[in-house]
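Each chain, written out:
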Amino acid sequence: MSGKAPIPFVSQGDAASVATWLQALRAAMPEEELLAFSELTEAQRAQCRLAIVANPDPAQLKLLPQLQWVHSVWAGVERLVADLGESGLQVTRLVDPRLAATMAEAVLAWSLYLHRDMPAYARQQRAAQWQSLDYVLPEQRRIGLLGLGALGEAAAQALRQARFPVSGWSRSARSVEGVQTYSGMDGLESLLRQSDILVCLLPLTEDTRGLLGAERLALLPAQAQLINFARGPIIDDAALRAALDAGQVRHAVLDVFAIEPLPSTAWQWSHPGVTVLPHCSAPTDCQTASAIVAGNIALYRRTGEIPANVDLKRGY
């Protein structure tokens, strides 16, 4: 090696996961020395200025005294922000067009699942009931997106191509082609009132934690449906259960939860108005993610610039 410090991969994942990531990362940047944290010598730990991370143990990062920045291989960084907020480290999150395309595919698939009354047909099958339900045109089913970042924009375009009218909300004003956009708390109320299907793609921050509680869920049109592909704590669990029980929300597709894996005793498993998914809507692709991380590290080696930092105060 050319005198460069090795780059540790720091993760609380199992050995197989760590090995898979290291294989992909080494293939993407053969000029770098990439090691699992456990493989570092004490002398190497003292040299490391950057680390690649996937749900790292903060205690391990503290054993890298020269560490300046970490590059996450995941798009969601709320746990990193919570763990590292006072550390002074700079954080780069993964921005992967493949991830946006995968999420857009999931949003479209599960929006169609709700739009075409798949939960109702599943119930009818269990009851051996042969009955067609009224068909609603996509143009008549309004979809609201919470979050208009890269994932939200890709999802909006996929939904528009399927002829759904799409509105979107973000904390600050955004413009997206063909999408009615809203911002701020007044804008959030307006969006909720017109969302027959509400899709949550927001990052988890102090501002979004509990954003959808009883009062805001009550703003949705009667019998609205909901998809959460963001983070579990954005929606108040008790409020959602009450809205489902009351029929205010007809069905919820939930891919994320406050506790994961979802405990076997959790109410969501058996509730007739809930579809449970195992946090599978948009898995990270090791190869494309590794290529993006490699590009960012190559830029850093050339220029000293740390790319696309996360704002630790905002949380993303």
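In what follows, the structure referred to is the one given above.
Thresholds, definitions, all that
Residues numbered from 1 in each chain as written. Predicted model: local features only at pLDDT ≥ 70, side-chain atom pairs only at ≥ 80, totals over all residues. Heavy atoms only, no water. Phe/Tyr/Trp six-rings, centres within 6.5 Å; stacked < 30°, edge-to-face > 60°. Helix = DSSP H or I, 4+ residues; strand = E, 2+ residues; numbered from the N terminus. Pairing = 2+ DSSP bridges. Axes fitted to C-alpha atoms, helices over the stretch in contact; angles between N-to-C directions. Core = buried A, V, L, I, M, F, W, Y, C linked by side-chain atoms within 4.5 Å. Buried < 20%, exposed > 50% of the residue type's maximum accessible area, 1.4 Å probe, protein only. Disulfide = S-S within 2.5 Å. Contact = heavy atoms within 4.5 Å. Right-handed = clockwise from strand over helix to strand, strands pointing away.

Asks: Lay out the packing of aromatic side chains in plain terms, naming residues and giving numbers.
Replies: Following the criterion strictly, the structure yields three aromatic pairs and no others. Here the aromatic rings of Trp110 and Tyr113 are separated by 4.7 Å at their centres, their planes lie at 65°, and the arrangement is edge-to-face. Taken as a pair, Trp110 and Tyr113 lie in helix 5 (residues 97–115) at a separation of three residues, close to a single helical turn.

Asks: Outline the sheet that holds strand 9 (residues 197–200), listing residues and values.
Replies: The strand order across the open sheet built from seven strands is 8-7-6-9-10-11-12, with neighbouring strands paired in parallel fashion. In the strand order of this sheet, the two ends are held by strand 8 (180–183) and strand 12 (274–276), each with one partner. When the angles between neighbouring strand axes are averaged without regard to direction, this sheet yields 15°. As judged from the five bridges shared by strand 10 (residues 224–228) and strand 11 (residues 249–254), these two strands associate in the parallel manner.

Asks: Any chance you could break down the nonpolar core for me, citing the residues and the numbers?
Replies: Counting residues in hydrophobic clusters, the biggest one holds 32 residues, and the most contacted among them are Leu146, Trp169, Leu198, Leu217, Leu226 and Leu240. Among the secondary structure elements, those contributing two or more residues to this core are helix 8 (184–193), strand 9, strand 10, helix 10 (237–246) and strand 11. In terms of residue count, the dominant contributor to this core is helix 10 (four residues).

Asks: Any chance you could break down the state of the cysteines for me, citing the residues and the numbers?
Replies: Enumeration over the complete set of coordinates arrives at zero disulfides. Looking at the unpaired Cys280, the closest cysteine sulfur is the one in Cys200, lying at 16 Å.

Asks: Could you give an account of the side chain of Ser290, with specific residues and numbers?
Replies: Mapped onto the secondary structure, Ser290 falls in helix 11 (residues 286–303). Residue contacts for Ser290: discarding those within four places in its chain leaves Trp21, Ala24, Leu25, Ala28 and Met29.

Asks: I'd like a description of the pairing of strand 1 (residues 7–11), backed by residues and values.
Replies: Looking down a regular strand, the side chains alternate between one sheet face and the other. Buried residues dominate strand 1, accounting for five of its five residues. Burial along strand 1 is two-sided: the residues Ile7, Phe9 and Ser11 and Pro8 and Val10 are all buried. In terms of strand pairing, strand 1 meets strand 2 (residues 34–36) through three bridges, oriented parallel. Opposite Phe9, over in strand 2, you have Ala36 as the bridge partner. Taken together, strand 1, helix 1 (residues 15–28) and strand 2 constitute a β-α-β crossover, and its handedness is right-handed. As judged from the three bridges shared by strand 1 and strand 3 (residues 50–54), these two strands associate in the parallel manner. Note on strand 3: the bridge partner recorded for Val10 is Val53.

In short, the description is geometric, and any link to function would need to be established separately.
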